[in-house]
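# Observations on the three-dimensional arrangement
The lines below spell out each chain.
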Amino acid sequence: MSKTSNINRVDGFAKVTGSATYSAEYKTAGVTYACLVGSTIAKGRIKSIDTKKAEWAPGVLAVITHLNVEKPAGYEQAKQRNNLGQPLQIFKDDSVRYYDQPIALVIADTFERMQYAASLIKAEYLKEEHTTQLEKAKDKSRNPGGDRAKDYNRGTEDAYKTAEVVLEAEYTIPTEVHNPMELANIIAKWENNKPILYTKSQGVEGTRKSVGNVFGIPPEDVEVHSEYLGGAFGMGLHTWPYEIAALIGSKKIGKPVKLVLHREQMFTNVGFRPYTIQKMGLGATKEGKLTGLSHEALAMTSNYEDFTEATVNMSRFMYDCANVSTKYRIAELDTCTPIWMRGPGEATGSFALESAIDELAHKLNMDPIDFRKRNHAEKDQEQNKPWSSKYLLDCYEAGMERIGWKDRKNKPGSVREGEWFVGYGMGTGTFGSYRNPTTVKAKFLADGNLVLQCSVNDMGPGTATMMTAIGAEITGIPTENVVIEMGRSGLPKGPTQGGSATTSSVGSAVHDACNLLVSKALGLATENPTFKNTPITDLVFTSGSVSSKKEASKSVSLGTLLSANKLEELAVENESKGSEEAKKYSIYSFSVHFVKVLVNPNLGKIRIAHVVSCADIGTVINHKTSAGQMYGGAVGGIGMGLMEALEIDHRFGRPINNNFADYHVPVNADIEKQEVFFVNKKDPVSNPMGTKGLGETALVGMAPAIANAVFNATGKRVRDLPITLDKILEPIVATS
């Protein structure tokens, strides 16, 4: 990419007019309707389940439980806990592992009949003692194993304890739920003993593999459609029990089955950010040089699967420090398996790390940005590699200027606007920039269109727009003539959309395929009489035509070239993957969120007055969609910092705020002013466009920025999210 585009979302019109078809909206002949009946206990066994009234109800086609299910072939093959591709084996036996675990599937000919029949099912249980509090499971915590969860030590372990200035603190992240507008859903059917799914998935190929594993069939026999997603944020990275249940039901009745979870089930059956307790130990000289850093995390997992994430990993390389140690542990709770949530472990870890950095800076009476600059890492000490590029200091400077950092005072509560306390805070974020092997097919059609095909889907960040921008620049085809086909099986294999790797992976594949396609078009032109004996190096392809560099009047349209060769299209299909050179570097994106808060001492009300988000993501492909991701990430961080927490009644192991009235998420009124800035300097190593990942980085660091700003305004350090008025009101009243 030689320049940043600023095109509108190519799927925008379809989405706002309702012409975009989401998975539950596909028109399927003979479709039936299904729902899941959940357990009312958190742990135990099903003593009995009465389904007779439901089975006799009008329009009911099937009621499936562990007593009559035809178990998929793959159930007996799955032996390991660390297998996210094969989730809880629904209806396998009479065990109950968490509250609202599906215990029955009801299928009827109408939605209303299905709901009524489900209400008739009654179950009795043999209850067992359950645990849904992480604090009560601490003594059973363990290292989950695997390279990512290994204890890490650089230099002297716990060296911070002997430092001149020491900070020790504990931080807590509660369970947070994805809650996209679009509910989890699937239309499942079978044809010729092969499953067809219209489902909410962030990875078409991953879904094919996991469904194939469950039913003991080759992934190539699984057809998946997931062209549009109404938000996923990580929940679409797993094949969940509801999807397998729908497939089981469809196979049993020989008809298509549509299943849509209701909102309460979104809190219990499709994962969430895991409850995590973190301990930080930091040590520094009196001059502000870090001498030791220790980071320990304890996170929840389910009692049937191991879920892990990179909570402590950011602490290993973010700052220049000779002595660093990290430990990661998990403890089993009687809940659904957690899952990655946008800005996954790094967002959780950054709250502890960036809050602790701010706390230590305050203890040293240093400006928190000056403290960070003094400990800026010039290389990746964890991997002992140079950065491919790093413009984090540029982000600091840009953010300080835009937020008005000069008005910040080190002493909390020093700045007021009328009756409001004013606080300024910031948090640094980072996330690895990855590039996965990806295949894209590029085609020139006789009508002048460029078609780009890949099975990757777009859960919202603008993947189709990115592909359009890259394809249009390389080929010169107008953006309105670029056609994107994506989000379903049968297309060239694309990656799962997650981990901020889509642009680097798919974008690189589009870049390479389009360059090959242009070369193929130029080669075809050399066979045309107009360019007889003209070297290919003297030809150029622009706007659907081949022209001579030396004689601009010599030009042949693509349509003419195809017609002359009796071709309907000119196509290339190419796999693109990372270079060996890139392995010599540490490739990360960086971001900084700056926040200005206003806190009312009489009400404890917190207003987000101004947010400035600055990011180093290499070349920006399309400014509009990139800025949209940064805006969205910051807003997600506001929810994380101020509002979101799943409340559990631990007596019963059930959520009590499993609805949008009681589980608060940010809305437009919760942020008064927001700015986004990109460094926009090409990374020379990451990929042909020089881009780095954005999606996760857009959220990482936002929650600690808010916490640090609240401290600066009030003098109250909140270490357990979310920051609610009860946690700050008393200290403010005392101060005022």
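Residues numbered from 1 in each chain as written. Predicted model: local features only at pLDDT ≥ 70, side-chain atom pairs only at ≥ 80, totals over all residues. Heavy atoms only, no water.

Our next topic: the side chain of S591. Inspection of the secondary structure assignment puts S591 in strand 25 (residues 588-599). Of the residues examined, S591 reaches a relative accessible area of 0% and is grouped as buried. In terms of polar contacts, S591 uses its side chain to reach the backbone carbonyl oxygen of T697, at 3.0 Å. Apart from the residues lying within four places of it in its own chain, the contact partners of S591 are L392, G427, T428, G429, C614, A615, T697 and V700. (Helix = DSSP H or I, 4+ residues; strand = E, 2+ residues; numbered from the N terminus. Buried < 20%, exposed > 50% of the residue type's maximum accessible area, 1.4 Å probe, protein only. Polar contact = N/O pair within 3.5 Å; in protein donor to acceptor, adjacent residues only side chain to side chain. Contact = heavy atoms within 4.5 Å.)

One open sheet holds the five strands; their spatial order is 7-15-14-13-8, and the pairing between them is mixed. Both edges of this open sheet fall to strand 7 (152-154) and strand 8 (165-173), since each of them pairs with a single strand only. Neighbour-to-neighbour, the strand axes of the sheet open up by a mean angle of 10°, direction not taken into account. Sheet analysis places strand 7 next to strand 15 (residues 324-333), joined by three bridges and oriented antiparallel. Across the sheet, the residue bridging to Y152 is T326, located in strand 15. With respect to the sheet, helix 7 (residues 344-363) is in contact with strand 8, strand 13 (276-284) and strand 14 (290-302), its orientation differing from that of strand 8 by roughly 150°. (Pairing = 2+ DSSP bridges. Axes fitted to C-alpha atoms, helices over the stretch in contact; angles between N-to-C directions.)

Turning our attention to the sheet that holds strand 6 (residues 122-127). Reading across from one edge, 4-2-6 is the order of the three strands in this open sheet, with antiparallel pairing throughout. Two strands in the sheet have a free side with no partner beyond their single neighbour: strand 4 (95-96) and strand 6. Where strand 2 (residues 44-50) meets strand 6, six bridges bridge the pair, whose relative direction is antiparallel. Within strand 6, the residue paired with I49 across the bridge is A123.

Time to look at unusual backbone geometry. Look at the link from L721 to P722: it is a cis peptide, with omega at -5°. Within the secondary structure, P722 is located in the loop between helix 14 (702-714) and helix 15 (725-735). Although it is not a glycine, D158 adopts a positive phi angle of roughly 55°. Mapped onto the fold, D158 is located in the loop between strand 7 and strand 8. Looking at D158, the relative accessible area reads 24%, which means it is partly exposed.

The next point concerns the pattern of salt bridges. Pairing between side chains becomes possible if they bear opposite charge and their charged atoms approach one another. All told, the structure shown has 36 salt bridges when counted by the stated rule. For E569, the salt bridge is made with K443, and the minimal N-O distance between the two is 3.6 Å. Here E569 is found in strand 24 (residues 569-576), whereas its partner K443 is found in strand 18 (residues 438-445), with 126 residues between them in sequence. Residue class for E569 comes out partly exposed when judged on its relative accessible area of 32%. Overall, the relative accessible area of 13% leaves K443 in the buried class. Salt-bridge contacts for D538 lead to K550; the nearest nitrogen and oxygen are separated by 3.7 Å. A residue pair is termed long-range when its members are at least 10 positions apart, and D538 in the loop between helix 11 (502-525) and strand 21 (539-542) and K550 in the loop between strand 22 (545-548) and strand 23 (555-557) qualify at twelve residues. For K550, a relative accessible area of 69% puts it in the exposed group. Among the charged side chains, a network of salt bridges with common partners joins D358, E359, R717 and R719. (Salt bridge = Lys/Arg side-chain N within 4 Å of Asp/Glu carboxyl O.)

Here we come to the side chain of T335. Along the chain, T335 turns up in the loop between strand 15 and helix 7. Accessibility expressed as a relative area gives 14% for T335, which makes it buried. Sequence-distant contacts of T335, that is, excluding residues within four places in its chain, are made with R97, Y98, T132, F272, M300, T301, S302 and Y304.

Summarising the element assignment, P338 is placed in the loop between strand 15 and helix 7. The exposure class assigned to P338 is buried, which follows from its relative accessible area of 0%. Separated by 199 residues in the primary sequence, P338 and T537 have C-alpha atoms spaced 55 Å apart. Not counting chain neighbours up to four residues away, the residues in contact with P338 comprise G271, F272, P274, M300, T301, S302 and F307.

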